[in-house]
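# Structural overview for review
One letter stands for each residue in the lines below.
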Amino acid sequence: MPQCFLALGGNAGAVAETFARCLEELNSQPAVSVGQVSNSHTTVAVGEDAGDAFLNAAAEIETSLAPLELLDLLQATELRHGRTREKRWGPRTLDIDIIFYGDLVCNEPRLILPHPASWYRRFVLDPLSEIAADIVHSVKGVTVAELRQRLLARPLDVAICGGSQKQRSELCGMLQKQFADAVFHQTIATNPAPALIAWLGAGESLGEESGAAWDELPALPRLDVTQLTGTPSEALQAVVSSALGQ
């Protein structure tokens, strides 16, 4: 059975008790065996509607379920514990994400593996590194421990490229005012590479260094902002906040 890793989160109700009951329920399933479980970590909620601070944890499981079957089981478990989905960034009793399903890489409408945001979210990487530090991210090509370590340097180095020069400049200025522990720029260094390279899509400035095409960017730190929810400024605020562990 493939070794899988789950991320658990919640900020409504008795979250630690919910985590324990959820894992007991999963372990009672014939097709699931729960292994190591991390400590719970407290994370500040992102967004004005997100509510109180979150608890986050990670769990190892083995399962004979196919990926979408596992997703169905986890979503049913969330519902049993009072999960609602009225607001995308709203409070929640229980959130369970599949981070790794063995070394499987897939991109389906309901499920992307590895989880597309796991590599830059400290609230995922901090607990995951306790139980899966040596697991290699099958897209980024480095271990969980290395992914986390890249985000610890201060100031956090963030490059913004693609789009238009005006858009990049405005985003750098706005984000710099908001995040004192990060530095934002339009230059894409290669050694060392930035912790994050946020790509705004193909724009008018493709001939400039900072307007590089997606395929020209280093694969490890690149992030396609056009695939994220919200405006570029909203998306990048959430990304940077989660990368800083704030």
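Structural notes, computed from the coordinates. Position labels on residues start from 1 in each chain and follow its written sequence. Whole-chain, interface and lining totals are the exception, using all residues; otherwise, since this is a predicted model, local features are given only for residues with pLDDT of at least 70 and side-chain atom pairs are given and counted only at 80 or more. Computation of side-chain values: all heavy atoms of the structure, hydrogens and water removed.

## With respect to the packing of helix 5 (residues 165-178) against helix 6 (residues 232-244)
- To define axes, lines are fitted to C-alpha atoms, for helices over the stretch in contact only, and angles between the resulting N-to-C directions are given on a 0 to 180 degree scale. Helix and strand definitions follow DSSP, with helices as H or I runs of at least four residues and strands as E runs of at least two, each counted in order from the N terminus. Between helix 5 and helix 6, whose axes approach to 11 Å, the crossing angle comes to 40 degrees. Comparing their axes, helix 6 and helix 5 come out oblique. The hand of the helix 5/helix 6 crossing is right-handed. On helix 6, the residues that touch Gln167, Leu171, Met174, Leu175 and Gln178 of helix 5 are Pro232, Ser233, Leu236 and Gln237.
- Residues are grouped as follows: Ala, Val, Leu, Ile, Met, Phe, Trp, Tyr, Cys and Pro are nonpolar; Asp, Glu, Lys and Arg are charged; every other residue, Gly included, is polar. Of the residues contributing to the contact of helix 5 with helix 6, the split by class is five nonpolar, four polar and no charged. Our angle categories are set so that under 35 degrees counts as roughly parallel, over 145 as roughly antiparallel, 65 to 115 as roughly perpendicular, and the remainder as oblique. In this scheme, a crossing is called left-handed if the near helix is turned counterclockwise away from the far one by less than a right angle; it is called right-handed if the turn is clockwise. Two residues form a contact once any of their heavy atoms are found within 4.5 Å.

## A closer look at the nonpolar core
- Only buried residues count toward a nonpolar core, which is a set of Ala, Val, Leu, Ile, Met, Phe, Trp, Tyr and Cys residues joined through side-chain atoms within 4.5 Å. Per-residue accessibility, obtained with a 1.4 Å probe over protein chains only, is compared with the maximum for each type, and a residue is labelled buried under 20%, exposed over 50%, and partly exposed between these values. Within the largest apolar cluster, 38 residues are counted, with the highest numbers of intra-cluster contacts made by Leu128, Leu156, Ile160, Phe184, Leu196 and Leu236.
- At six residues, the largest contribution of residues to this core is made by helix 6.
- Once you skip the residues sitting within four places of it in the chain, Leu236 turns out to touch Ile160, Leu171, Leu175, Ala198, Leu200 and Val225.
- If you look at the next biggest cluster of nonpolar residues, it comprises 26 residues, including Cys22, Ile61, Leu73 and Ile98.

## So, the pairing of strand 9 (residues 182-185)
- Judged by which residues are buried, strand 9 turns out to be one-sided: Ala182 and Phe184 face inward and are buried, whereas Val183 and His185, on the alternate face, are not.
- Whether two strands pair comes down to DSSP finding at least two bridges between them. Two strands pair when backbone bridges link them, and strand 8 (residues 156-161) and strand 9 are joined in this way by four bridges, in the parallel orientation. Across the sheet, Val158 pairs through a bridge with Phe184, a residue of strand 9.
- Note on the crossover from strand 8 through helix 5 to strand 9: the handedness is right-handed. A crossover gets the label right-handed when its path from the first strand over the helix to the second runs clockwise, viewed with the strands pointing away from the viewer.

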